[in-house]
Amino acid sequence: MSLPIPLERGRTQSLQEQIYRFIRDQILHGKYPAGTQLPSTRELADGLRVSRNTAVLAYQWLVSEGYIETRPGAGTFTRSVVSDTIETIERDEGLSARADKPAVVLKCTSPLADYGSGIRSQFDFWYGRADPRQFPTKTWSRLMWETLSYARSSLSEYGPQPGNLALREAIAEYLATARGFSASPDHILITAGAQEGLNIVTRLLVEAGTTIAVENPGYGAVATLFETAGATLLPVPVDGDGLIPDNLASHRPKLIYTTPSHQFPTGVVMSLERRQALLAMAEAINAYVIEDDYDGEIIYDRPPLAALAALDRSQRVIYVGSFSKSIGAGIRLGFLVLPPELIDWAVSLKSLASYGQAWTEQAVLAEFIRRGSFRTHLRRIRTLYRARRDALTDTLRDWLGPEGGISGSESGVHLMVRLPDHMPPAARISAIARQVDVALYTPEGAGTWEPGRRAADDRRLVFGYAALTPQEIETAIRRIRVRVDREAQEAG
Ligand SMILES: Cc1ncc(COP(=O)(O)O)c(C=O)c1O
């Protein structure tokens, strides 16, 4: 007796696996009911022209998974098993699309909806990228193994809902020395990046009709988030000192959203006077201030200004932190520092949304900060990114001349450029850049919220430079420059 197994030699799947799969599928589909006798391994091997060893190994595999059993002196028989797979049912897509179903009540778009799906350009100036080549892989993997070795029940049970205590303590210590304010670990909530922090704040405090002051131009994803909750957005102008709070008194927003360390997208650092004026205004109109400090630890030319939260005397600043720019966006770790009256509500919301953050990454990050590796890493990337910033500003000045303007280059991982009037608008430059395999972004393309602005005549570009080396930056700009010059010559 043999079995009709259609073996294909030379496939990546071994012969033994093909035999195992065939018999397993027959059993699962009821073709070999429980108690069916199978050929002996010798008969099977002869029938299929495979080695005896191959047949023995395939049977041992089936025995170990409980599909068959050998009865001494009697032979090999199939067992009764419960299928662990289900039949795929062909769906009629046309019918499904036409069917009457409940409506989606929240329709929104994310700036990252198709991020990573397309082919990236050779040189990509996307504004928020940290350099993948600088990820501290060695230390991270060492810490990963170490933390796993003492994980015990941490991976099999839910963790503390505000986040690992060790991480909250490490963050509190870091904030005290690097951002100038003391926060109790009890007021810190670990999140999946700044974006989740912003989402939690939105859900806690925003309802239909809530007025929120948002920097104009500002961060598009947060504006969208606020709008999904029904907020009325109040655009607030930004100048060289940051958000101008003067007109807030008449609108009395409940929340003021700002990026004081490095305004998105202009890159302006909010001056100390403006910080004080903003906090005074928030006190006067009884508003919360959301301080989005998404890249505040990356500074080049001067000591960091303490966070807005450091000047806050009435505990009305909600501080949003992130490790996306300093370590990498893929680790999805950030945090909120909340006023006492909000923390429990925020923890409950986070808990309801996800039952907490993955333990391993938190434990690794806690050790990374605690052992001083974060500081070392920051020092290293600041030096490296400063050289990139210098390469970009030098190359741009050389190209654009004195009429070109650059803002926001003192810190962070992006800057904004104003093109001189004699050059084509930013959208055209960006299109030309694509032709030479360079991705450049207009503020709109970089996810900027700017109500009423006409994109067609925009003369600004947002450059993220941290992920490109000085040589790559120079090559990319040279390519665009040559192409733009050639186009100008052909036109004139
Ligand atoms: C201004 C601003 N806030 C928040 C975020 C979200 O960052 P995260 O990756 O920490 O969610 C970004 C991302 O680039 C950003 O630019």
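Basis of the calculations
- Residues numbered from 1 in each chain as written.
- Predicted model: local features only at pLDDT ≥ 70, side-chain atom pairs only at ≥ 80, totals over all residues.
- Heavy atoms only, no water.
- Helix = DSSP H or I, 4+ residues; strand = E, 2+ residues; numbered from the N terminus.
- Rg over C-alpha atoms; globule rule 2.2 N^0.38 Å.
- Buried < 20%, exposed > 50% of the residue type's maximum accessible area, 1.4 Å probe, protein only.
- Contact = heavy atoms within 4.5 Å.
- Domains from an automatic or database assignment.
- Buried area = accessible area lost by both parts, 1.4 Å probe.
- Salt bridge = Lys/Arg side-chain N within 4 Å of Asp/Glu carboxyl O.
- Polar contact = N/O pair within 3.5 Å; in protein donor to acceptor, adjacent residues only side chain to side chain.
- Nonpolar A, V, L, I, M, F, W, Y, C, P; charged D, E, K, R; others polar.
- Patch = residues over 30% accessible without salt bridge, like charges linked within 9 Å, V, L, I, M, F, W, Y side chains within 5 Å.
- Areas by Shrake-Rupley, 256 points an atom, 1.4 Å probe, with all protein chains shown as cover.
- Pairing = 2+ DSSP bridges.
- Axes fitted to C-alpha atoms, helices over the stretch in contact; angles between N-to-C directions.
- Left-handed = near helix turned anticlockwise from the far one by under 90°.
- 1 Å grid on protein atoms, 1.4 Å probe; cavity = no way out; pocket = protein on both sides within 12 Å on 5 of 7 lines; lining within 4 Å.
- Points joined across faces, edges and corners; volume = space filled by probe spheres on them.
- Core = buried A, V, L, I, M, F, W, Y, C linked by side-chain atoms within 4.5 Å.

Asks: Give me the overall build of the protein: which residues, what numbers.
Replies: If you tally the helices and strands in the protein, you get 15 helices and 18 strands. The globule rule puts the C-alpha radius of gyration for 492 residues at 23 Å, and the 30 Å found for the protein is more than 25% above it. Its C-alpha atoms put the protein at 95 × 65 × 55 Å along the principal axes. Buried residues in the protein amount to 49% of all 492 residues.

Asks: Account for the environment of L205, naming residues and giving values.
Replies: Here L205 shows up in helix 7 (residues 193-205). For the pair L205 and D301, spaced 96 residues apart in sequence, the C-alpha to C-alpha distance is 37 Å. Other than its neighbours up to four places away in sequence, L205 contacts T210, K254, L255, Y288, I318 and L342.

Asks: Account for the domain arrangement of the protein, naming residues and giving values.
Replies: Many analyses report the size of an interface as the accessible area lost when the parts associate. Assigned domains of the protein: these are domain 1 (15-78), domain 2 (123-127 + 376-491) and domain 3 (136-371). For domain 2 versus domain 3, the separation of C-alpha centres amounts to 28 Å. Across the boundary between the two partners, domain 2 contributes 26 residues, which contact 35 residues of domain 3. Buried area between domain 2 and domain 3, summed over both chains or domains, comes out near 2,500 Å², and the portion from carbon and sulfur atoms is 60%. Remark: the boundary between domain 2 and domain 3 carries one salt bridge. Between R389 and D301 there is a salt bridge; the shortest N-O distance is 2.9 Å. Applying the counting rule to domain 2 against domain 3 returns 15 residue pairs in polar contact (both at pLDDT 80 or more). Broken down by secondary-structure element, the contributors of at least two residues to the side of domain 2 that touches domain 3 are helix 13 (373-400), strand 15 (414-418), strand 17 (448-449) and strand 18 (460-464). Per element, the largest residue contribution to the side of domain 2 that touches domain 3 is seven residues, and it comes from helix 13. Classifying every residue of the side of domain 2 that touches domain 3 gives eleven nonpolar, nine polar and six charged.

Asks: I'd like a description of a nonpolar patch on the surface, backed by residues and values.
Replies: A contiguous nonpolar surface patch, about 350 Å² in accessible area, is contributed by W145, L148 and L155. Relative to the elements of secondary structure, W145 occurs in helix 5 (residues 137-149).

Asks: Describe the sheet that holds strand 5 (residues 188-191), naming the residues involved and giving the relevant values.
Replies: If you trace the eight strands from one edge of the open sheet to the other, you get 5-13-12-11-10-6-8-9, paired in mixed fashion. Sheet topology places strand 5 and strand 9 (242-243) at the edges, where each strand pairs with a single neighbour. As defined by bridge partners, strand 6 (residues 211-216) adjoins strand 8 (residues 232-239) across six bridges and the pair is classed as parallel. Note on strand 8: the bridge partner recorded for I212 is L233. The strands that helix 6 (residues 165-179) touches are strand 5, strand 11 (288-293), strand 12 (317-322) and strand 13 (334-337); relative to strand 5, the one it contacts most, it runs at about 110°.

Asks: Let's hear about the packing of helix 6 against helix 12 (residues 359-370): which residues, and what values?
Replies: When two helices pack together, their arrangement is captured by the angle between the axes and the distance separating the axes. Remark: helix 6 packs on helix 12, axes separated minimally by 8 Å, with the N-to-C direction vectors making an angle of 35°. Read as a crossing pair, helix 6 and helix 12 show a hand that is left-handed. Here A166, L167, A170, I171 and Y174 of helix 6 lie close against helix 12, whose contacting residues are Q362, L365, A366 and I369.

Asks: How would you sum up the pattern of salt bridges? Please name residues and give values.
Replies: Within the structure shown, the criterion is met by 24 salt bridges. With a shortest N-O distance of 2.9 Å, D239 and R274 are connected by a salt bridge. Highlighted residues: D239 in strand 8 and R274 in helix 10 (residues 272-285), separated in sequence by 35 residues. Overall, the relative accessible area of 29% leaves D239 in the partly exposed class. R274 sits in the buried class, given a relative accessible area of 14%. Its salt-bridge partner being E367, residue R371 comes within 2.8 Å of it at the nearest N-O pair. Looking at R371, the relative accessible area reads 40%, which means it is partly exposed. Counted as one network, the salt bridges with shared partners bring together R142, E146, E367, R370 and R371.

Asks: Any chance you could break down empty space enclosed by the protein for me, citing the residues and the numbers?
Replies: Considering all chains together, one arrives at two cavities of 30 Å³ or more under this definition. Looking at the largest cavity, its volume works out to about 140 Å³. Considering the residues around the largest cavity, the lining is formed by 16 residues, among which S261, V269, I299, P304 and L305 are closest to the centre. Among the residues making up the lining of the largest cavity, the classes are represented as six nonpolar, four polar and six charged. Residue lining of the second largest cavity: Y174, R179, D293, E297, Y319, G321, S322, F323 and F335, and that is the complete set.

Asks: Describe the nonpolar core, naming the residues involved and giving the relevant values.
Replies: Nonpolar side chains in soluble globular proteins tend to end up buried together. Ranked by size, the top nonpolar core spans 78 residues in total, and within it F125, I256, F323 and F463 carry the most contacts. Among the elements that make up this core, the one with the highest residue count is helix 13 (eight residues). Those residues within four positions of F323 in sequence are excluded, and the remaining contacts are I171, G328, I331, L333, G334, F335, L365, I369 and F374. Within the second largest apolar cluster, 40 residues are counted, among which are Y127, L198, V222 and Y294.

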